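Okay, here's what each chain looks like letter by letter:
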Amino acid sequence: MSFGPAGHRSGMDSREYGFEGATPAVHGYAHVSREATLVGDVTVAANANVWPGAVLRGDVAPVTVGRESAIGDNATLHASEVGEKVMVGHGAVLNDSTVEDGALVGFNSTVSEATIGAGSIVAMGTVVPPGYEVPAESFVRGMPASVTPLAETNIDPEEVFEAFNSGDYANLAQRHDDLF
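Quick caveat, the model's predicted, so the values are computed rather than measured.

**Student:** Which residues make up the overall build of the chain, and what values go with them?
**Tutor:** Scanning the chain from N- to C-terminus turns up 3 helices and 20 strands. Taking all 180 residues of the chain together, 44% fall into the buried category. Considering only contacts within the chain whose residues lie at least 6 apart along the sequence, 12% involve residues at least 24 apart. In the form shown here, the chain has an accessible surface area of approximately 8,500 Å², with 50% of it arising from carbon and sulfur atoms.

**Student:** Describe unusual backbone geometry, and please don't skip the residues or the numbers.
**Tutor:** Methionine 143 connects to proline 144 through a cis peptide bond whose omega is -5 degrees. Assignment of secondary structure puts proline 144 in the loop between strand E19 (138-141) and strand E20 (146-149). Look at asparagine 47: it is not a glycine, yet its phi comes out positive at around 60 degrees. Structurally, asparagine 47 is set in the loop between strand E4 (37-44) and strand E5 (49-50).

**Student:** Let's hear about a negative patch on the surface: which residues, and what values?
**Tutor:** Judged by side-chain charge, Glu81, Glu84, Glu100, Asp101 and Glu133 come together as a negatively charged surface patch. The residue glutamate 81 is located in strand E9 (residues 81-82) in this model.

**Student:** Residues and numbers for the layout of surface pockets, please.
**Tutor:** A volume near 380 Å³ is recorded for the largest pocket. For the largest pocket, the lining is made up of 24 residues, of which Gly89, Leu104, Gly106, Phe107 and Phe164 are closest to its centre. When residues of the lining of the largest pocket are traced back to their parent elements, those giving at least two are strand E7 (70-71), strand E10 (87-88), strand E13 (104-105), strand E16 (121-122) and helix H1 (157-165). When its residues are assigned to classes, the lining of the largest pocket shows 18 nonpolar, 5 polar and 1 charged.

**Student:** Account for the sheet that holds E5, naming residues and giving values.
**Tutor:** The 8 strands are arranged E3-E5-E7-E10-E13-E16-E19-E20 in an open sheet whose pairing can be described as mixed. Since the sheet does not close on itself, it has two edges, and those belong to strand E3 (31-32) and E20, each with one partner. When E10 meets E13, the two strands line up parallel, connected through 2 bridges. When the sheet's bridge partners are listed, methionine 87 is paired in E13 with leucine 104.

**Student:** Outline the pairing of E20, listing residues and values.
**Tutor:** Judged from the 4 bridges that link them, E19 and E20 form a sheet pairing that is antiparallel. If you follow valine 140 over to E20, its bridge partner there is valine 147. The turn joining E19 and E20, which pair antiparallel and follow one another in sequence, is formed by 4 residues; a positive phi near 100 degrees is taken by glycine 142.

**Student:** Explain the side chain of threonine 115 to me, using residue names and the numbers behind them.
**Tutor:** You can see threonine 115 is positioned in strand E15 (residues 115-116). Excluding residues that lie within four positions of it along the chain, threonine 115 makes contacts with Thr98, Glu100, Tyr132, Glu133 and Val134.

**Student:** Outline the pattern of salt bridges, supporting the account with residue identities and numerical values.
**Tutor:** For the structure on display, the rule yields 3 salt bridges. Of the charged contacts, one joins arginine 57 and aspartate 59 as a salt bridge, the two residues approaching to 2.5 Å between their closest N and O atoms. A relative accessible area of 23% means that aspartate 59 is categorised as partly exposed. Across the pair lysine 85 and glutamate 68 runs a salt bridge whose closest N-O atoms are separated by 3.9 Å. On the criterion of sequence distance, the pair formed by lysine 85 in the loop between E9 and E10 and glutamate 68 in the loop between strand E6 (55-65) and E7 is long-range, its members being 17 residues apart. A residue is classified by how much of its surface remains accessible, and glutamate 68, at 35% relative accessible area, is partly exposed.

Conventions and cut-offs
- Here, residues in each chain are numbered from 1, in the same order as that chain's written sequence.
- Since the coordinates come from a predicted model, pLDDT governs what is reported: local features require at least 70, and pairs of side-chain atoms require 80 or more to be given and counted, while whole-chain, interface and lining totals use all residues.
- Hydrogens and water molecules were not included; the side-chain quantities draw on all heavy atoms of the structure.
- Only DSSP runs of H or I reaching four residues or more are called helices, and only runs of E reaching two or more are called strands; each is numbered from the N terminus.
- Note on classification: 1.4 Å probe, protein chains only; a residue is buried when its accessible area is under 20% of the maximum for its type, exposed when over 50%, partly exposed between these limits.
- Note on contacts: a residue pair qualifies if any of its non-hydrogen atoms lie within 4.5 Å across the two residues.
- Accessible areas in this description were obtained via Shrake-Rupley with a 1.4 Å probe; residue shielding takes into account the shown protein chains only.
- Residues enter patches when their relative accessible area tops 30% and they take part in no salt bridge; the joining distance is 9 Å for like charges and 5 Å for the nonpolar side chains Val, Leu, Ile, Met, Phe, Trp and Tyr.
- Salt bridges are defined as contacts in which a side-chain nitrogen from Lys or Arg sits within 4 Å of a carboxyl oxygen from Asp or Glu.
- Under the convention used here, Asp and Glu are negative, Lys and Arg are positive, and both His and the chain ends fall outside the count.
- For this purpose, a charge sits on NZ of Lys, CZ of Arg, CG of Asp or CD of Glu.
- Think of a 1 Å grid over the protein atoms and nothing else: a 1.4 Å probe that fits but is trapped marks a cavity, an open set flanked by protein within 12 Å on at least five of seven lines marks a pocket, and residues with an atom within 4 Å of a point count as lining.
- Grid points are joined across faces, edges and corners, and a volume is the space filled by probe spheres set on the points.
- Gly counts as polar in this scheme, as do all residues outside two lists: the nonpolar Ala, Val, Leu, Ile, Met, Phe, Trp, Tyr, Cys and Pro, and the charged Asp, Glu, Lys and Arg.
- Any two strands are treated as partners once DSSP identifies two or more bridges connecting them.

In short, geometric facts, not functional conclusions.
Below, the structure written as structure tokens:
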């Protein structure tokens, strides 16, 4: 376990587990809740945050969480890569998938054996089945997922991302001393 500035991660109640010689690596400036579970080959980069109930399991392949990304409460990441400045919503499931920089995966979405392109938005509850290669800057929704270029929607991606990356929400993890 890595330690950063006071209050970022306590050795108490740690839920970090090794697997076949690989152990989680958490950057000193990351915020990982004591209530999150990290197993095996897991890397959490600087200024990323992982919220309570999240499970990051790097056993059959690594799990990486890029700089300034947020993994919401009860999300599950198995053998997956999350780029920089990515938002993974509460209850989302990523299995053997890649989410590129600046994308958002909505609450309770499932992405399995797929790639979500940079700057894309996956709507809440969407199911992205194996084999999907979602292009950058796309809007993804439905079960199974349908993909539309963001430019062809009324969605303002800058407004959506700004809501999660500014003001009080951006430093929320830092304000939760008891969780991290």
